[in-house]
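So you can see what is in the structure, the chains are spelled out below.
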Amino acid sequence: MGRYEVRNCDFKRFKADHNSGNYKDKPLGGDRQPVVHVSWDDAKAFCAWLTQTEQAERVISKDQSYRLPTEKEWELAAGKAGYPFGKKWPPSGKAGNYADETAKRDLGETSIIDGYDDGCAVAAEQGAFDRNKSGFYDMGGNVAEWCKDWFDQKQKSHVIRGGSWKTAKAEEAETSARRVQDGESEDVGFRIVLSGPGFRR
């Protein structure tokens, strides 16, 4: 699984005209910021394009492919139950990019974690916060992430995991929290998994 979320500069190799846009005049489209305003279908199409591209370039074999992580894979990468930063709420220091005092000052947001200030009003650049014990960055906060799985047996919408820079509630920041969404938004992106021979599925 990718240590980082897919960035704007990565996604623009696939779709040059993609624009992650702004949120209240704060840019979301920086090269090193995670790509947002992408649907589940967009994320799946990126995985198919990257697979085809890297197979043609012989970076990966014909038996390997990129895809979205399953919920189980995402949970393993996120760590044990609780929060990505530990078992206590609220977070302290700069535990991750959540709705904070900076968002209140810069954006006028009212739904924030009182007293918490990570210094980022919107999505942060890749590597701005420490990785977790498993070596993954932003498994909580920054942007929430599309997973491969359906949200439920109705199979109408796919599941999103992880908190985002808009997350202010404890229950939404837990590693076990699940979210459903039909389209794209300013706080949802994705990361990818390479699967094939030698990799667990």
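Each chain carries its own residue numbering, running from 1 in the direction its sequence is written. Selection of residues for local features in this predicted model requires a pLDDT of at least 70, selection of side-chain atom pairs for listing and counting requires 80 or more, and totals for whole chains, interfaces and linings are taken over all residues. Excluding hydrogens and water, the side-chain figures rest on all heavy atoms present in the structure.

*Asks:* Please explain the nonpolar core as it appears in this structure.
*Replies:* For our purposes a nonpolar core is just a set of buried Ala, Val, Leu, Ile, Met, Phe, Trp, Tyr and Cys residues, chained together by side-chain atoms within 4.5 Å. We call a residue buried when its accessible area falls under 20% of the maximum for its residue type, exposed when it is over 50%, and partly exposed in between, using a 1.4 Å probe and counting protein chains only. Among the nonpolar cores identified, the biggest contains 19 residues, and Phe46, Leu68, Trp146, Phe190 and Ile192 are the most heavily contacted of them. Runs of E in the DSSP output that reach at least two residues are strands. Runs of H or I that reach at least four are helices, and both are numbered from the N terminus. Sorting the residues of this core by element identifies α2 (40-56) and β4 (144-150) as the ones contributing at least two each. In terms of residues, this core owes the most to one element, α2, which gives 6 residues. Residue contacts follow a heavy-atom distance rule, with two residues in contact if any of their heavy atoms lie within 4.5 Å. Here Phe190 is in contact with Glu5, Val6, Phe11, Val35, Val38, Ala43, Phe46, Leu68, Glu145 and Trp146, once residues within four sequence places are set aside. In this structure, Leu107, Ala121, Ala123 and Trp165 belong to the second largest nonpolar core, which totals 10 residues.

*Asks:* Quick question: what am I supposed to make of the sheet that holds strand β6 (residues 178-181) here?
*Replies:* Adjacent strands of a sheet form backbone hydrogen bonds with each other and so pair up, either parallel or antiparallel. Taken in spatial order, the 4 strands of this open sheet run β6-β5-β4-β7, and their pairing is mixed. The sheet is open, and its two edges are formed by β6 and β7 (188-189), each paired on a single side. By the bridge criterion, 4 bridges tie strand β5 (residues 158-161) to β6 in an arrangement that is antiparallel. Counterpart to Val159 in the pairing with β6 is Val180. Fitted lines through C-alpha atoms serve as axes, helices being fitted only where they are in contact, and the angles separating the N-to-C directions of these axes extend from 0 to 180 degrees. Along the sheet, helix α3 (residues 71-78) contacts β4, β5 and β6; its crossing angle with β4, the most-contacted strand, is approximately 140 degrees. Strands are labelled as partners when DSSP assigns at least two bridges between them.

*Asks:* How should I be thinking about empty space enclosed by the protein in this particular structure?
*Replies:* Any empty space left between the atoms is revealed when a probe the size of a water molecule rolls over them. Put plainly, a pocket is an open set of points on a 1 Å grid over the protein atoms alone with protein on both sides within 12 Å along at least five of seven lines, a cavity is a set where a 1.4 Å probe fits but cannot get out, and a lining residue has an atom within 4 Å of a point. Grid points are joined across faces, edges and corners, and a volume is the space filled by probe spheres set on the points. All chains considered together, the criterion is met by 1 cavity of 30 Å³ or more. If you add up the space inside the largest cavity, you get close to 40 Å³. For the largest cavity, the full set of lining residues is Tyr4, Glu5, Arg7, Arg32, Gln33, Pro34, Gln126, Asp138 and Asn142. Residues are grouped as follows: nonpolar covers Ala, Val, Leu, Ile, Met, Phe, Trp, Tyr, Cys and Pro; charged covers Asp, Glu, Lys and Arg; every other residue, Gly included, is treated as polar. When grouped by side-chain class, the residues that make up the lining of the largest cavity number 2 nonpolar, 3 polar and 4 charged.

*Asks:* Looking at this structure, I do not really get the pattern of salt bridges. What am I missing?
*Replies:* Between side chains of opposite charge, a pair can form as their charged atoms come close. The salt bridge definition used is simple: a Lys or Arg side-chain nitrogen within 4 Å of an Asp or Glu carboxyl oxygen. Applying the stated criterion across every chain yields a total of 12 salt bridges. A salt bridge links Glu71 to Arg178; its shortest N-O distance comes to 2.9 Å. With Glu71 in helix α3 and Arg178 in strand β6, this residue pair connects regions lying 107 residues apart in the sequence. On the accessibility criterion, Glu71 (11% relative accessible area) is buried. One continuous salt-bridge network, built from bridges that share partners, spans Glu71, Glu75, Arg161 and Arg178.

*Asks:* Looking at this structure, I do not really get the side chain of Asn97. What am I missing?
*Replies:* As for its position among the elements, Asn97 is in the loop between α3 and α4 (101-107). Apart from the residues lying within four places of it in its own chain, the contact partners of Asn97 are Asp118, Cys120, Val122, Ala123, Ala124, Phe129, Gly141, Asn142, Ser164 and Trp165.

*Asks:* How do you make sense of the state of the cysteines when you look at a structure like this?
*Replies:* Between two cysteines, a covalent bond joining their sulfur atoms is known as a disulfide. Throughout, disulfides are identified as pairs of cysteine sulfur atoms within 2.5 Å of each other. Under the counting rule described, the total for this entry stands at 0 disulfides. We note that Cys47 lacks a disulfide partner, and the nearest cysteine sulfur, in Cys147, lies 12 Å from it. The class for Cys47 is buried, based on a relative accessible area of 3%. What makes Cys147 buried here is its relative accessible area of 0%.

*Asks:* Looking at this structure, I do not really get the pairing of β4. What am I missing?
*Replies:* The side chains of a regular strand alternate, residue by residue, between the two faces of the sheet. Alignment of β4 against β7, held across 2 bridges, turns out to be parallel. Bridging from a neighbouring strand, Glu145 pairs with Gly189 of β7. The pairing of β4 with β5 spans 3 bridges and is antiparallel. Each bridged residue has a counterpart across the sheet, and for Trp150 the counterpart in β5 is His158.

*Asks:* I keep staring at unusual backbone geometry and nothing clicks. Help me out?
*Replies:* Of all residues except glycine, most have a negative phi; of all peptide bonds, most are trans. Trp89 connects to Pro90 through a cis peptide bond whose omega is 0 degrees. Assignment of secondary structure puts Pro90 in the loop between α3 and α4. The residue His37 is not glycine, and still its phi comes out positive at about 55 degrees. As for its placement among the helices and strands, His37 is situated in the loop between β2 (26-27) and α2. Even without glycine at this site, Arg58 takes up a positive phi of about 60 degrees. On the secondary structure map, Arg58 appears in the loop between α2 and β3 (65-67). In this structure Arg58 comes out as exposed when scored by relative accessible area, which is 76%.

This is a description of form; function is not addressed.
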